[in-house]
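Chain by chain, the residues run as shown.
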Amino acid sequence: MSCITDYPVSPEVQAWAQEAELTTLPQVFEHVARTHAERPYLGQNVEGEYQFKTYAQVHGEVLQLAAALLELGFQDKDRVANFSVNRVEWPVIDLGTVYARGIHVPMYPTLSTAEMAFIVHNCEARFLVASCKEQIKRSLEAVRRGDLPHVEHIIALDYFEVAPDELPAGVRFWQWEQLMSLGSDTLEAHRPTIERHIEEIRYDEVCSFVYTSGTTGDPKGAMLMHANFVSQMESLTKFVGIYKEDVELSFLPLSHVFERVCYYALTYSGSSIGYARGIKSVPQDLKTLRPTLVPSVPRLFEKIFAKVVAQSGGGLKNRLFNQALAAGRAYRLAKAKGKVPFWLK
């Protein structure tokens, strides 16, 4: 697949870019990491309790990943294919790739070996990230079969042992910790390049390929610019009313653009994001994290609402439930107006 470089940019996007202070993902994250350095950013459930990394910690990891990629010969517009579930490393991969001036290609973690291999081959990715045991196994299977001729580096987020003779010539296997250690060791050497990227990347540069589901034929890669994401995160933040005090429970796949824009909007606002352990753990993770925002499809909310109503059994419990809903709505409306009365705090 060749990345189309001669494509029209709409007058609306051009007008937005002339007015906006921040127009690229690196610009946004540099600003947010400075403004909210010590605020909790990305969290995961560890033995029943959410543990968070701060914006400053994640920013450091983003720089390390960008440095590691550059040390391995990463070139402008190189692709990083990401075969991962939602987890704290996902935004690091996303932002580290664009800091290196590359193109992030996220994929659903449920794809079969053949489906994953089609996308990785089609986008000509040289770097392939795989998160858990199943994704790592599928990635190795595709490489051994010769289905991924462009791949030079496989990066495992979970620890996974692979003997050197199990890989084809020219393919190197990395544990996540190894790659981040390489980035830490070489960061100062590559810092000038990274800083130049932050300054030079344009709003109309492609930063991601988002592939269609493939239900009507082979998946197609939609090219998305920095401006697509940054303008959306600005609009969503203002329309929904997202604040630094907000906490999101993230469980929809980040490979889908809906959850991805939500993560960008929460980041833009200096908010916190906690990742669910899986779809089945969402009810328990809701209790543990106590989020203020839960992006989802309507069907999930309908199921939760129906279950709560059924369990309330009418009477006092039902009245208390309705009062709680009314208080929540009133709080968000008051927050959007900039003044929350003491009885809603």
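Residues numbered from 1 in each chain as written. Predicted model: local features only at pLDDT ≥ 70, side-chain atom pairs only at ≥ 80, totals over all residues. Heavy atoms only, no water.

Peer 1: Explanation requested: the overall build of the chain in the structure shown.
Peer 2: The helix and strand tally for the chain stands at twelve helices and eleven strands. For the chain, the spread of C-alpha atoms along the principal axes amounts to about 70 × 45 × 45 Å. The buried share among the 345 residues of the chain stands at 51%. The contacts in the chain between residues at least 6 apart in sequence include a share of 71% that link residues at least 24 apart. Here the chain carries 36 positive and 40 negative side-chain charges, and the mean point of each set is 11 Å from the other. (Helix = DSSP H or I, 4+ residues; strand = E, 2+ residues; numbered from the N terminus. Buried < 20%, exposed > 50% of the residue type's maximum accessible area, 1.4 Å probe, protein only. Contact = heavy atoms within 4.5 Å. Lys, Arg positive; Asp, Glu negative; His and termini not counted. Charge placed at Lys NZ, Arg CZ, Asp CG, Glu CD.)

Peer 1: Sorry if this is basic, but what is going on with the packing of aromatic side chains here?
Peer 2: Any two aromatic rings considered together are summarised by their centre-to-centre distance and by the angle between their planes. If you walk through the whole model with that rule in mind, you get seven aromatic pairs. Note on Tyr41 and Tyr55: the rings are 4.0 Å apart at their centroids and 15° apart in plane angle, and the pair reads as stacked. Taken as a pair, Tyr41 in strand β1 (residues 40-46) and Tyr55 in helix α3 (residues 55-71) lie far apart in primary sequence, 14 residues in all. Judged by centre distance (5.5 Å) and plane angle (55°), the rings of Phe74 and Phe127 are tilted. With Phe74 in the loop between α3 and β3 (79-83) and Phe127 in strand β5 (residues 127-130), this pair connects stretches of sequence that are 53 residues apart. Neither residue differs from the other here; Phe74 and Phe127 are each classed as buried. (Phe/Tyr/Trp six-rings, centres within 6.5 Å; stacked < 30°, edge-to-face > 60°.)

Peer 1: Help me understand the nonpolar core, please; the structure alone is not making it clear to me.
Peer 2: Considering soluble globular proteins, one finds that nonpolar side chains tend to be buried as a cluster. In terms of nonpolar packing, the biggest core is built from 64 residues, with Tyr99 and Ile194 touching the most fellow members. Top element by residues in this core is α3. It accounts for ten residues. Once residues within four sequence positions are removed from consideration, Tyr99 is found in contact with Pro26, Phe29, Glu30, His59, Val62, Leu63, Ala66, Ile194, His197 and Ile198. One finds Leu128, Ala142, Ala156 and Val206 within the second-largest nonpolar core, a separate group that totals 30 residues. (Core = buried A, V, L, I, M, F, W, Y, C linked by side-chain atoms within 4.5 Å.)

Peer 1: Could you clarify how one ought to interpret empty space enclosed by the protein in this entry?
Peer 2: Picture a little ball the size of a water molecule; that probe, rolled over the atoms, points out where space is still empty. Applying the stated rule across the entire model yields two cavities of 30 Å³ or more. Taken as a whole, the largest cavity holds about 50 Å³ of empty space. For the largest cavity, the full set of lining residues is Leu25, Val28, Phe29, Leu95, Met233, Tyr263, Tyr264, Thr267 and Tyr268. Counting residues per element, the lining of the largest cavity draws most heavily on helix α9 (residues 257-268), which supplies four residues. Of the residues contributing to the lining of the largest cavity, the split by class is eight nonpolar, one polar and no charged. Its boundaries defined by the atoms lining it, the second largest cavity holds a volume of some 30 Å³. Grouping the amino acids of the lining of the second largest cavity by side-chain chemistry returns six nonpolar, one polar and no charged. (1 Å grid on protein atoms, 1.4 Å probe; cavity = no way out; pocket = protein on both sides within 12 Å on 5 of 7 lines; lining within 4 Å. Points joined across faces, edges and corners; volume = space filled by probe spheres on them. Nonpolar A, V, L, I, M, F, W, Y, C, P; charged D, E, K, R; others polar.)

Peer 1: Honestly, the side chain of Ser296 in this entry has me stumped. Any pointers?
Peer 2: With respect to the helices and strands, Ser296 occurs in the loop between α10 (282-289) and α11 (298-312). In this structure Ser296 comes out as buried when scored by relative accessible area, which is 12%. Leaving out residues up to four positions away in the same chain, Ser296 has contacts with Phe251, Leu252, Phe258 and Phe301.

Peer 1: Explain the packing of α3 against helix α4 (residues 89-99) here, please?
Peer 2: The relative placement of two packed helices comes down to the angle between their axes together with the axis-to-axis distance. One way to put it is that α3 packs onto α4 with a least axis distance of 8 Å and a crossing angle of 55°. Of the possible angle classes, the one that applies to α3 and α4 is oblique. Two packed elements cross with a definite hand, and for α3 against α4 that hand is right-handed. Taking contact as the criterion, the partners of Val58, His59, Glu61, Val62, Leu63, Leu65, Ala66 and Leu69 in α3 are, on α4, Val92, Ile93, Leu95, Gly96, Thr97 and Tyr99. For the contact of α3 with α4, the class distribution of residues is ten nonpolar, three polar and one charged. (Axes fitted to C-alpha atoms, helices over the stretch in contact; angles between N-to-C directions. Parallel < 35°, antiparallel > 145°, perpendicular 65-115°, else oblique. Left-handed = near helix turned anticlockwise from the far one by under 90°.)

Peer 1: Before we go on, may I ask you to explain unusual backbone geometry in this structure?
Peer 2: Most peptide bonds adopt trans geometry, and most residues besides glycine take a negative phi value. Positive phi is not limited to glycine here, since Glu47 has a value of about 50°. Positive phi is not limited to glycine here, since Lys77 has a value of about 75°. Note on Lys77: relative accessible area 39%, which makes it partly exposed.

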